[in-house]
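Examination of the molecular architecture
One-letter residues, chain by chain:
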Amino acid sequence: ISVSADWVENIRTDHPRLYINREMVPQIREHARHYRALTEKMKQEVDMLPAQPELKFRTDRFKLVNEQVIYTNPYYIAGFQLVERNGAEEAVKAAVLYWLTGKREYAVKGIAYLKMALDFFEWCHRHQTMAEWEAGHYINAITAYDWLYPEMTPEERKDFATRWLKHIPAIQSEGNYIRARGGYQDGNYGVNSLSWLTGLAMFREGADDTAAERMLRSGYETNIRMMEYRDQISGNTGLLGAGTQSYSFGYYP
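Predicted, not measured: the structure shown is a model, and the values here were computed from it.

On to the nonpolar core. As a rule of thumb, nonpolar side chains are buried together in soluble globular proteins. Counting 65 residues, the largest nonpolar core has F121, Y145, W164 and M202 as the members making the most contacts within it. Ranked by the residues each element gives to this core, the list is headed by helix 4 (residues 104-126), at 12 residues. Once you skip the residues sitting within four places of it in the chain, W164 turns out to touch L118, F121, Y138, A141, I142, P169, T198 and M202.

Pasting the structure below:
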């Protein structure tokens, strides 16, 4: 793969830059008017959240043996099942409402839950259990960081980014408890897919620019390989490499 050396110069310098940007916001707000019931439901959920989140564990579902999580039920397989709230889902919902309404109160609440989400991810890694099978909660968190960035203080930005840029490479490389790392041939929906989103969100933001750009370029190349591979195997049929519909039409895209 030949990657132009200057494509990174086209990355926006402002936030948000994942999925949406400032120019899209008026159109997004207009579009959201067609989904008032869904928006109101989300608003009620976020309004009901405590302003000061606390990571509460469901201690009946696990025990710690030598600081490692041991599940008390075989149906529990991931860290998000061990807490009442993981923070990432709450943070991204608050971030959505912030951009839909322009109300800073949603950004403040979202930032609080984003901090809790990172505490949750680090707790899972520290106790050798995967946070989730896929990477959806991580994607929620990095998206919330990007969308809430304009309302975060410089200290909040640097603290989150510095910890995140250490945590993501760690879960990508350490421990056999991580089930779905992912790659260009197997859906790219595991923790390895986070390199692209992390690098893009934290590119040249001053936390660790070398690490962020390394992840950005690595993630870019992986995604290019993934698209080329899918083109190669599909023969214009839309096949995405798995015989299971939930993967081929769900997590893989």
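So much for the structure itself; the text now carries on.
Attention now moves to unusual backbone geometry. Note the cis peptide between H15 and P16, where omega equals 5°. The topology assignment puts P16 in the segment before helix 1 (25-32). Unlike most non-glycine residues, Y19 shows phi in positive territory, near 75°. Structurally, Y19 is set in the segment before helix 1. The backbone of E67 shows a phi angle near 65°, a positive value even though the residue is not glycine. Along the chain, the position of E67 falls in the loop between strand 1 (62-65) and strand 2 (68-71).

Rules used throughout
- Residues numbered from 1 in each chain as written.
- Predicted model: local features only at pLDDT ≥ 70, side-chain atom pairs only at ≥ 80, totals over all residues.
- Heavy atoms only, no water.
- Core = buried A, V, L, I, M, F, W, Y, C linked by side-chain atoms within 4.5 Å.
- Buried < 20%, exposed > 50% of the residue type's maximum accessible area, 1.4 Å probe, protein only.
- Helix = DSSP H or I, 4+ residues; strand = E, 2+ residues; numbered from the N terminus.
- Contact = heavy atoms within 4.5 Å.

The analysis is restricted to geometry; functional conclusions fall outside its scope.
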